[in-house]
Amino acid sequence: MQSKDTHKDIQGNHACALGAIAAGCKFFAGYPITPSSEIAERMSVELPKNEGTFIQMEDEIASMGAVVGASMGGIKSMTATSGPGFSLKQENLGYASGAEIPCVVVNVMRGGPSTGMPTRPAQGDIMQARWGTHGDHEIIVLTPDSVPEIFSETIRAFNLTEELRVPVIVLYDEVLGHLVETVEMPKEGSLDLKTRKFAQSPAEDFLPYKETDDMVPEFPRPGDGYRTHTTGLTHQENGFPTQDPKQVDRMIKRMSGKMDMHKDVYESWEALECDDADIVICAIGISARAARGALKSLRAQGQKVGLFRPITLWPFPEDALKAATKSAKTVLVPELNAGQMILEVERHCDASTNVVGLNRIDGEHIEPAEIEEKIKELVK
Amino acid sequence: MDSSNSADSFNIRDYLRLEMFPHFLCPGCGHGIAMRALLWAVYELDIDKDKIAIVSGIGCSGRIGAYVDANTFHTTHGRPLAYATGLALARPDLHVIVITGDGDSLAIGGNHLIHACRRNLNMTCMMLNNEVYGMTGGQASPTTSETRYTTTSQSGSIEPVFDACALASAAGASFVGREVTVHTPNLKDLLRDALDHNGFSFVEVLSDCTEVFGRKNNLGESPEMILSQKSKMRPSSYGSANGNIVDEPFRPTTLPTGILTHKERAEYGDTYRAHVEKISGSVKNG
C-alpha cells in the first residue's frame, strides 16, 4: 500500500538530499550552481532538522575544503555541484583521496566546456570524475539512472566512502536531477549503514596510515587522544611527510591495492539480456534509460540486443563488461559527449568486437528511437 | 583566569613532537619564535592538547603545525580557513587554530579570509607575514614592500602592499591584532587574547625571511631584520581614538601593533545552533 509517508514523488536532486540524510550525512557545504542547486536547498532544510550543519560557502573551492574539514572531524559530509564547480573542487578532492578522508561529492552534469549550457544535460564529466585531480589517485564514481536509484546510490556512496576511506562521486545528468519519480522511503532502522573504523587501539605508538590486513587504516578522531598529523604530502605510516622512494611507492601502492582488494564491496552493474546478445548497448544514466526502451522494442522485433550498465562507473567493471559482451559482435555506446566511456569499453572488449559510439553534444538527451535506428543500421 | 598556568613554568618541549626535530626551517627564520609564542599562550590558557586542532595551508607557515603535539592538519594552498570552517562547525568542542602565511591567506586564499572575518566562526588565525613566498624560492607576495627585490620582482616590486589587519577589520573580524617576533611576550599576550576570544580572531605576525628575502635585499641577518621591523612599529594606542585602524587597505610605512580591533559580535556557531533550535521549536509547535 503506497502512502505519502512511504512513497514520495520527488525530483532526482531532492532524492539525492534525502538519500544523504538517510545515510547519516551531518554536514553539507555548497555553493549555488545550476542544475544541482536543489540539493543544497533541500539540505539547508533537512540538516537542521537532523542534528546536522548546512553552510553555504563563499565559493566551490571553499565548500569542498569545508566538507573535507568536517570529515576530518569524524562527521559524514557531502557537497554537490555541476561541471565548472566540479573543476574547482578537484584540488581538494585530490587531498581527500591522498589523505584518505571520506566524503561524497555529487556532480549533476550539464553541457560544457566552460560555462557551457547550465540548464541542459550532458555526460561530459565521465573522464573528469575519474581523472580530474592530478596524480595517481583512487576514487569511486557511481552513476544512477533513475530517481529511486539516485536515492539508494547516494546512501551507497556514504557507505563506500566510510568503509574504504576513498572519496565517492555521485554522477548523473540534468535530466535525472530534475526528473520526478516515486521513491520508496526506507523504514527507520532498515538500512545497513556503515561508519568509518574509528581508531580504538592505544594512542601510544599509533600509526594513522598503518598497513592493516584490509588496507583501510583506522581513522583517528580528533579529541580521542591520538594527536596525529594529516597532510596532502606523500606520507609514511605515521602520517608525517616523506619523499623516501620506498615509502612513497609503498603508500601509493597500498592505496591502489586497497581498491583491488575490495572490488566486491564497490563493484555494481546491471546486465540485461546479454547472454545471447549479438549487440550489447553499454550506457549509463539517462542514456541507459533510452537504451532500455530501445532494447524492449528491438527484442519484440526479434533482435538479440542486450544492455550493460555500469552502476559503479569507476573503477570500471571490466570483468563484468567482458562477460556481458562475450557473445556480442557489436557494442554500441550511446553517451551525451563526443566519446568518453567508449574509450574504456574499447579497452576491455576483444579486438574483434566492433565498438560503435552514438553521441549527442547538443544539449539534448538521446531518444530510444535514435538507439533503435542506429542498431537497425548496424545489423543491416 | 583560574584555570591558567603561571608563566614561569612553561616548557615548550611539552607541546612539541620532539621526534620531528631537527626542524626544516632556515636559520634566522622568525616562524619558530611565532610558534613559541603561540604554544606559550596555549599553555597559559591551559588548553588540552587533545582538543587543539591546528589547520595550516601551504608554504613555510604551513609546515610548522607538524612540530606541534596536537591534532594537526596540513591542507591545501590558501584553503586552511575553508577546512577549518568545516572542522569548527562539525566539532565545536575543538579549539581550532589556523596557521597561514601572507601568500596563503592574502593571495590564493584571500576570498576565504574575508568571508571567515565576515562569518565570525570561533577560531584563531595566525598569519605569518614574511613578505615573500619562501618555500618556492622567494617570489613577491601581496605584502612584499614596494621596491623590494624578489625572484619575480628583480628590478624592485612595483605593486602596492596589502595591510592584512586593515583588510581583516574591514571584512568584519571581531578581533584583530599585530605583533613583531622580537616582542615575544607581547606576541604571546596577543595570541592568548585571540585564543580566548569567542569568534574569529586574526593575528598578523611580522616574521622575517633571512634566506631568500633578507639576503636579496641586503637586510642583514635575523637580528638586524627583526630590529628593523621593531623600529617601524608603533603601539596601537597611537592609532585612532576608537581603537580601530585606518580605512586605507594599503600598508603605511609604520604599522600599529597590539590589539587593533576588538568588538563583541555574535559567534557564527552559536548563532547557527540557536537558529536551529528556533526552527525545530517552530516545527514542533506546528
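Residues numbered from 1 in each chain as written. Chains lettered and ligands numbered in written order. Predicted model: local features only at pLDDT ≥ 70, side-chain atom pairs only at ≥ 80, totals over all residues.

### So, the overall build of chain A
This is how the line gets drawn: Only DSSP runs of H or I with at least four residues qualify as helices, and only runs of E with at least two residues qualify as strands; both kinds are numbered from the N terminus onward. A radius of gyration in this sense is built from C-alpha atoms; the matching globule rule multiplies 2.2 Å by the number of residues raised to 0.38. Counting other C-beta atoms within 10 Å of a residue's own tells you its class, since 20 or more makes it buried, 12 or fewer makes it exposed, and anything in between is partly exposed; those C-beta atoms are placed from the backbone.
Looking only at helices and strands, chain A features 13 helices and 16 strands. For chain A, whose C-alpha radius of gyration is 21 Å, the value lies close to the compact-globule estimate of 21 Å for 380 residues. For chain A, the spread of C-alpha atoms along the principal axes amounts to about 70 × 50 × 40 Å. Taking all 380 residues of chain A together, the buried fraction comes to 53%.

### Digging into the pairing of strand β16 (residues 354–359) of chain A
Residues and elements named next belong to chain A. The cut-off we apply is this: Strands are treated as partners if at least two bridges between them are detected by DSSP. With the strands aimed away from the viewer, a crossover counts as right-handed if its path from the first strand over the helix to the second runs clockwise.
Two elements, strand β15 (residues 330–335) and β16, share six bridges in a ladder whose sense is parallel. Bridge pairing in β16 places Val331 opposite Val355. Since β15 and β16 lie parallel, the crossover through helix α12 (residues 341–348) that links them has a hand, and here it is right-handed.

### Here's the deal with the pairing of strand β7 (residues 175–180) of chain B
As a general feature of sheets, a regular strand has side chains that alternate between the two faces. Residue and element names in this part refer to chain B. Within β7, six of the six residues are buried, which leaves the element mostly enclosed by the surrounding structure. Because side chains alternate across β7, one face comprises the buried residues Phe175, Gly177 and Glu179, and the other comprises Val176, Arg178 and Val180, equally buried. When β7 meets strand β10 (residues 255–262), the two strands line up antiparallel, connected through four bridges. Across the sheet, residue Gly177 finds its bridge partner in β10, namely Ile259.

### What to know about the interface of chain A and chain B
Which entries qualify depends on this criterion: By the convention adopted here, residues make contact when the C-beta atoms placed from their backbones lie within 7 Å. Note on residue classes: Ala, Val, Leu, Ile, Met, Phe, Trp, Tyr, Cys and Pro are nonpolar, Asp, Glu, Lys and Arg are charged, and everything else, Gly too, is polar.
Listed by partner, the interface residues are 35 residues for chain A and 34 residues for chain B. Contributing elements (two or more residues each) for the side of chain A that touches chain B: β2 (27–30), α2 (37–49), β3 (53–56), α3 (60–72), α4 (83–99) and β10 (229–231) of chain A. If one sorts the elements of the side of chain A that touches chain B by residue count, α3(A) sits on top with nine residues. Looking at the side of chain A that touches chain B residue by residue, the class counts come to 17 nonpolar, 13 polar and five charged. In this sheet, strand β2 (residues 71–74) of chain B lies alongside β10(A) in parallel orientation, the contact comprising three bridges. Bridging from a neighbouring strand, A:Thr230 pairs with B:Phe73 of β2(B).

### Thoughts on the sheet that holds strand β11 (residues 269–272) of chain A
Residues and elements named next belong to chain A. The cut-off we apply is this: Simply put, an axis is a line fit to the C-alpha atoms, just over the touching stretch for a helix, and the angle between two N-to-C directions goes from 0 to 180 degrees.
Read from one edge to the other, the open sheet built from five strands follows the order β11-β13-β12-β15-β16, with strand pairing classed as mixed. With partners counted over all chains shown, the strands left at the sheet margins are β11 and β16, one partner each. Mean inter-strand twist for the sheet, computed between neighbouring axes without regard to direction, equals 20°. The strands that α12 touches are β12 (279–282), β15 and β16; relative to β15, the one it contacts most, it runs at about 160°. Relative to β15, helix α13 (residues 368–379) is tilted by about 155°, and along the sheet it contacts β12, β13 (305–310), β15 and β16.

### Some details on the domain arrangement of chain A
Many authors give the size of an interface as the accessible area that is lost as the parts come together. All names here are of chain A. Heads up, the rule is: Segment limits for the domains were obtained from an automatic or database-derived domain assignment.
Taken domain by domain, chain A holds domain 1 (7–184) and domain 2 (271–379). The C-alpha centroid of domain 2 is placed 26 Å from the C-alpha centroid of domain 1. Contacts between the two partners involve 22 residues from domain 1 and, on the opposite side, 19 residues from domain 2. Elements with a contribution of two residues or more to the side of domain 1 that touches domain 2: β6 (117–121), α5 (126–131), β7 (140–142), β8 (168–173) and α7 (174–178).

### Quick look at the nonpolar core
Formally: The nonpolar core is taken to be a set of buried Ala, Val, Leu, Ile, Met, Phe, Trp, Tyr and Cys residues joined by way of C-beta atoms within 7 Å.
Counting 177 residues, the largest nonpolar core has B:Leu87 and B:Met126 as the members making the most contacts within it. With ten residues, the top contributor of residues to this core is helix α1 (residues 31–45) of chain B. Taken together, domain 1 (7–184) and domain 2 (271–379) of chain A each give at least three residues to this core, which thus spans both. Once residues lying within four places of it in the same chain are set aside, the contact partners of B:Met126 are B:Ala34, B:Leu38, B:Ile97, B:Val98, B:Ile99, B:Leu191, B:Val203 and B:Val205. Counting residues in hydrophobic clusters, the runner-up holds seven residues, among them B:Cys29, B:Tyr133, B:Val212 and B:Phe213.

### Overview of the confidence of the model for chain B
Applied cut-off: Here pLDDT means the predictor's own confidence in every residue, given as a number from 0 to 100.
Within chain B, residue pLDDT values average 90, and 89% of them lie at 70 or more. Contacts for the low-pLDDT stretch residues 237–248 of chain B, under 50 throughout, to residues beyond four places or in other chains number 19 contacts.

### Description of the environment of A:Val333
All names here are of chain A. Examined against the element boundaries, Val333 turns out to sit in strand β15. Considered as a pair, Val333 and Leu358 are 25 residues apart in the sequence and their alpha carbons are 5.9 Å apart. Beyond its immediate sequence surroundings of up to four residues, Val333 is in contact with Cys282, Ala283, Met341, Ile342, Val345, Val355, Gly357 and Leu358.

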